[in-house]
Amino acid sequence: MTSCLTGIDAVVHDRLLLMNQSQASTVTYFVLLGFPGPWKIQITLFSLILLVYMITLTGNMAIICAVRWNHQLHTPMYMFLANFSFLEIWYVNCTVPNMLVNFLSKTKIMSFSGCFTQFYFFFSLGTTECFFLCAMAYDRYLAICYPLHYPCIMTRKFCSTLVSLCWIIGFFGYVIPISFISQLSFCGPNIIDHFLCDVDPLIALSCTPTPVIRHIFYSISTLIIVLTSLYILGSYTLVLRAVLQVPSSDGRQKAFSTCGSHLLVVSLFYGTIMVMYVSPTSGNSVAMHKIITLIYSVVTPALNPFIYSLRNKDMKYALHRVFCGKRVMQNS
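Within an unreviewed UniProt entry, the label attached to the protein reads Olfactory receptor, and the organism entered is Myodes glareolus. What the UniProt record of the protein gives under Sequence similarities (unreviewed entry) is the line "Belongs to the G-protein coupled receptor 1 family." Here is the UniProt Subcellular location (unreviewed entry) comment for the protein, exactly as written: "Cell membrane".

Structure follows, in C-alpha cells:
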C-alpha cells in the first residue's frame, strides 16, 4: 500500500512539474502600461518626450562633433565629456524609442527577450555612467590639485585606459544577477506598470520566490552607487579646498564653473537613482517611481549638454562652430 501511494505521489509530482514548466513558458511577452490615460494626454506626452529626445540627441551629438573637430578640445577632460555624451545617446535610445511607440500603440507589447535586453542595457549603461562621473571627478582632481603633474599622469594612453575600464566594468557588473532573474519562472500575469523593464516589476511578476536574488541585485546597486558617490564627493571636496587657495580670482572662477557643472550633473543623476535603488522600500507610489525614472533616464541626458556648455567658453565656441557648419582648424 505504501509503495502504491509512493508511486502515485511520484506521478502527481511529475505532472505538477510538467504543468509548472508549461505555465512558466506561457509568458512570451510583457505589456508595458507606461503612462495610461486618455488619447489626448498620450499625444501630449508623446510630443513632449519626443522633443526632449531630439534635444538629447542633438545636444550630445553636437558635443561629440565639437570635441572631434576642435583640436583645442583634444584634452582628457573633453575626451571624457565626448564619451559621456556618447553614453547618454545610447542611454536614451535604450528606453525612449519603445516608450514613444507605446504611446501610439494599443497593445504596448514587448517580447520576453526584448524586455530583458532592455533591462540589461539600461542598468549596464547606468552603471557605466556612474564610473564615468568618477573618472571625470578624478580628472578634475588631478588638474586642479596637481596641475604640474597632471600632463604626466593623465596621458592619452591613461585616459583611454580609464574610458575602457568604465565601459568594461559597467557592462559586466549586472551580467550574473540579470541572467538569474531571466531564468526565473514567469507564469503570468505579464503586465508591467512601468514604461520600461525594471527590476521590481519583473521580480513581482515571477512565480518563483526571489528574496535572495532581489537582495543580491540591490546590494550590488547600493554598493556601486554609494562607493562612486562617496568617491566623487571626496574628490570635489579636495578640489574645493584647492580652489579656495588659488590667489587668482579668474583661476578660481574658471575652476568653480567647470566643477560646478560636474557637480550639478552628479546631483541630478545620483539624487534620483538613490531614491530608486538605494532605498527601494521608501514607500513611493508607482506613479512617483515612473516620474523619478523619467527624470534620470530621459530629462537628465537632455540637460547635460546645456550644463556642460553653459559656463564653458571653449565648449560654447566649439558648439557655435558646429552649428554654423564650420570646423575649427588647429592653430599653427
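Participant: Help me understand the packing of helix α5 (residues 112-145) against helix α10 (residues 211-244), please; the structure alone is not making it clear to me.
Facilitator: If you want to describe how two helices pack, look at the angle between their axes and the distance between the axes. Interhelical geometry of α5 versus α10 gives an angle of 20° and a closest axis separation of 9 Å. Between α5 and α10, the crossing angle belongs to the class labelled roughly parallel. At the point where α5 passes α10, the crossing takes the left-handed sense. For the contact of α5 with α10, the class distribution of residues is 21 nonpolar, 3 polar and 1 charged.

Participant: Would you take a moment to explain the pattern of salt bridges for this structure?
Facilitator: Note on pairing: side chains with opposite charge can pair once their charged atoms come close. As enumerated under the stated definition, the model contains 3 salt bridges in all. A salt bridge links R140 to D139; its shortest N-O distance comes to 2.9 Å. Relative accessible area serves as the criterion here: at 10%, R140 is assigned to the buried category. Accessibility expressed as a relative area gives 1% for D139, which makes it buried. For R214, the salt bridge is made with D200, and the minimal N-O distance between the two is 3.3 Å. Residue R214 is located in helix α10, and its partner D200 is located in helix α9 (residues 199-205); the two are separated by 14 residues in the primary sequence.

Participant: Looking at this structure, how should I read empty space enclosed by the protein?
Facilitator: A probe as big as a water molecule, rolled over the atoms, marks out the empty space that is left. What the rule picks out here adds up to 3 cavities of 30 Å³ or more. Roughly 130 Å³ of volume is contained in the largest cavity. Lining the largest cavity are 14 residues; nearest its centre among them are F123, G126, T127, Y174 and Y277. At 5 residues, α5 tops the list of elements feeding residues into the lining of the largest cavity.

Participant: Please explain α5 as it appears in this structure.
Facilitator: Because each turn of an α-helix spans 3.6 residues, side chains separated by three or four positions in sequence point in the same direction. The terminal C-alpha atoms of α5 lie 50 Å apart, and with 34 residues this matches the ideal 50 Å at 1.5 Å per residue to within 8%. Burial analysis of α5 places 25 of its 34 residues in the buried class, the great majority of the element.

Participant: How should the environment of V27 be read in this particular structure?
Facilitator: Among the structural elements, V27 can be located in the loop between α1 (2-24) and β1 (29-32). Classification of V27 as buried rests on a relative accessible area of 10%. The spatial distance from the C-alpha of V27 to the C-alpha of G188 is 6.2 Å, given a sequence separation of 161 residues. Once residues lying within four places of it in the same chain are set aside, the contact partners of V27 are F112, F186, C187, G188 and N190.

Participant: Explain the side chain of T56 here, please?
Facilitator: Here T56 shows up in helix α2 (residues 39-69). Assessed through its relative accessible area of 0%, T56 is described here as buried. When residues no more than four places from it in sequence are discounted, the contact partners of T56 are V92, V298, P301 and A302.

Participant: Help me out: how do you make sense of the sheet that holds strand β3 (residues 191-192) in this one?
Facilitator: Note on sheets: strands pair through backbone hydrogen bonds, and any given pair is parallel or antiparallel. Taken together, 3 strands build an open sheet; the order of strands is β2-β1-β3 and the sheet is mixed. This sheet does not close on itself; its edge strands, each paired only once, are β2 (109-111) and β3. Pairing geometry for β1 and β2, over 3 bridges, is antiparallel. Bridge assignment links Y29 to a residue of β2, and that residue is S111. Where α5 meets the sheet, it contacts β1, β2 and β3, and its direction lies at approximately 85° from that of β2.

Participant: What is the right way to read the pairing of β1 from this model?
Facilitator: Consecutive residues of a regular strand have side chains that alternate between opposite faces of the sheet. Across 2 bridges, the pairing between β1 and β3 is parallel. Within the sheet, the bridge partner assigned to L32 lies in β3 and is I192.

Participant: Sorry if this is basic, but what is going on with the state of the cysteines here?
Facilitator: Defined simply, a disulfide is a covalent bond joining two cysteines at their sulfur atoms. This structure, assessed with the given rule, holds 2 disulfides. Note on cysteine connectivity: C115 is disulfide-linked to C197, with sulfurs 1.9 Å apart. With the S-S bond torsion at -125°, the cross-link from C115 to C197 turns out left-handed. In this pair, C115 is assigned in helix α5 and C197 in the loop between β3 and α9, connecting sequence segments 82 residues apart. C197 shares its class with C115; the two are buried. Shown here for the protein is a disulfide pattern of 1-3, 2-4, where each number marks a bonded cysteine counted in sequence order. Distance from the sulfur of C130, which forms no disulfide, to the nearest cysteine sulfur (C134) is 7.4 Å. We classify C130 as buried; its relative accessible area is 3%.

Cut-off values and rules
- Residues numbered from 1 in each chain as written.
- Predicted model: local features only at pLDDT ≥ 70, side-chain atom pairs only at ≥ 80, totals over all residues.
- Heavy atoms only, no water.
- UniProt positions renumbered as here; feature names shortened; annotations may be inferred.
- Axes fitted to C-alpha atoms, helices over the stretch in contact; angles between N-to-C directions.
- Helix = DSSP H or I, 4+ residues; strand = E, 2+ residues; numbered from the N terminus.
- Parallel < 35°, antiparallel > 145°, perpendicular 65-115°, else oblique.
- Left-handed = near helix turned anticlockwise from the far one by under 90°.
- Nonpolar A, V, L, I, M, F, W, Y, C, P; charged D, E, K, R; others polar.
- Salt bridge = Lys/Arg side-chain N within 4 Å of Asp/Glu carboxyl O.
- Buried < 20%, exposed > 50% of the residue type's maximum accessible area, 1.4 Å probe, protein only.
- 1 Å grid on protein atoms, 1.4 Å probe; cavity = no way out; pocket = protein on both sides within 12 Å on 5 of 7 lines; lining within 4 Å.
- Points joined across faces, edges and corners; volume = space filled by probe spheres on them.
- Expected span 1.5 Å × (residues − 1).
- Contact = heavy atoms within 4.5 Å.
- Pairing = 2+ DSSP bridges.
- Disulfide = S-S within 2.5 Å.

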